[in-house]
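Structural features, examined
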Amino acid sequence: AFEASPLVYEHYKASEDFEGKRISYLNMAVSDVNGCIPFNVLTENQGISGRSSLQDRRDTPGKKLEVPSVNGDSFLKDCEADGIALGIDVEGAAGKVLPGLRESLRAGRFSSVFIEVEGREMWTGQWLDHQVTSFMIAQGYLPVLCDAEHCPPAFTRPQYNLLFLPQNLLDDELLAWIIDCYL
C-alpha cells in the first residue's frame, strides 16, 4: 500500500497493524517518476485529508511538498507475482500513475484494476473518466463495472469507480458471474 501524504501516512501507520496483516505500507507516491515529485497537501482536517493529490485542486487550499515517488513499472520489475489486483485511488492523478504502469498493464500482470475516476475536472489538468478508459483499453483492459449509484449518465457526483479486467480473460460466462455477484 502506498500513501504519498506524510501526515496521512503517519496517522494510519499509528492506528493500523500493517505488519500483522502482512501489508507493506510505504510513504511514497506511485507515478511515472522515480525520485521526488510535488504533492499538494490539503490543509483541511489538519492535513489528514483524503483529497490531497499529485494534482492541484482549485477549490481547496493546500501546500506543496516534495515527496518520494516510484514509477509503478520500476517498482514491479523485481516482483515475480502476476495476477495482482490493483486498486487506485489517487484523487485525480490517474494521468500521472497509469503511464508509469504501462509495461505491467501490457504484460497482463494485473488480474483486475479498480480505479476511482471523475466525469468532470476536479483537479487541474487531470485525466477524466473517458481518458482513463481509452488508456486502459489501449493496454488491453476493458471496463466491466462501475459504482451503480454514481455511474454515468445518471450520476449526481462526478466521482465514481471503474473495474477493468484483462480483455483476454473475459468471456460471457465470467461477465455474467461478475455482474451477478456485484448485484
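First things first, this report covers the structure right here in the doc.

Criteria and cut-off values
Here the residue numbers are simple positions, counted from 1 along each chain's written sequence. Given that this is a predicted model, residues contribute local features only at a pLDDT of at least 70 and side-chain atom pairs are listed and counted only at 80 or more, while totals for whole chains, interfaces and linings are drawn from all residues. Water and hydrogen atoms were dropped before computing side-chain values, which therefore reflect all heavy atoms in the structure. Runs of E in the DSSP output that reach at least two residues are strands. Runs of H or I that reach at least four are helices, and both are numbered from the N terminus. Here a residue-residue contact requires only that any non-hydrogen atoms of the pair lie within 4.5 Å. Every definition here rests on a 1 Å grid over the protein atoms only: cavities are sets of points where a 1.4 Å probe fits but cannot get out, pockets are open sets enclosed by protein on both sides within 12 Å along at least five of seven lines, and lining residues have some atom within 4 Å of a point. Grid points are joined across faces, edges and corners, and a volume is the space filled by probe spheres set on the points. As a working rule, the residues Ala, Val, Leu, Ile, Met, Phe, Trp, Tyr, Cys and Pro are called nonpolar, Asp, Glu, Lys and Arg charged, and the rest polar, with Gly in that last group. Only the six-membered ring of Trp is used, alongside the rings of Phe and Tyr, when aromatic pairs are assigned; centres must lie within 6.5 Å, and planes under 30 degrees apart are stacked while those over 60 apart are edge-to-face, with the rest tilted. For each residue, the accessible area found with a 1.4 Å probe, counting protein chains only, is set against the maximum for its type, and the residue is called buried under 20%, exposed over 50%, and partly exposed in between.

**Looking at the environment of L170**
Position of L170 among the secondary structure elements: in the loop between β7 (159-166) and α6 (172-182). Note: C-alpha distance between L170 and Y141 (29 residues apart in sequence) is 9.6 Å. Residues within four places of L170 in sequence aside, it is in contact with L142, V144, L165 and L175.

**Observations regarding the layout of surface pockets**
Volume-wise, the largest pocket comes out at about 720 Å³. Considering the residues around the largest pocket, the lining is formed by 32 residues, among which F2, V30, G87, D89 and V90 are closest to the centre. For the lining of the largest pocket, the elements supplying multiple residues, two or more each, are β1 (29-31), α2 (72-76) and β4 (84-88). If one sorts the elements of the lining of the largest pocket by residue count, β4 sits on top with 5 residues. Tallied by class, residues from the lining of the largest pocket come to 21 nonpolar, 7 polar and 4 charged.

**With respect to the packing of aromatic side chains**
Per the stated rule, a full pass over the model turns up 4 aromatic pairs. Their ring planes at 80° and their centres at 5.0 Å tell us that F2 and F75 sit as a pair that is edge-to-face. Highlighted residues: F2 in the segment before α1 (6-15) and F75 in helix α2, separated in sequence by 73 residues. The exposure class of F2 is partly exposed, given its relative accessible area of 33%. Of the residues examined, F75 reaches a relative accessible area of 39% and is grouped as partly exposed. Ring centres of Y9 and Y25 lie 4.7 Å apart, and the angle between their planes is 25°; on these two criteria the pair is classed as stacked. Residue Y9 is located in helix α1, and its partner Y25 is located in the loop between α1 and β1; the two are separated by 16 residues in the primary sequence. For Y9, a relative accessible area of 9% corresponds to the buried category.

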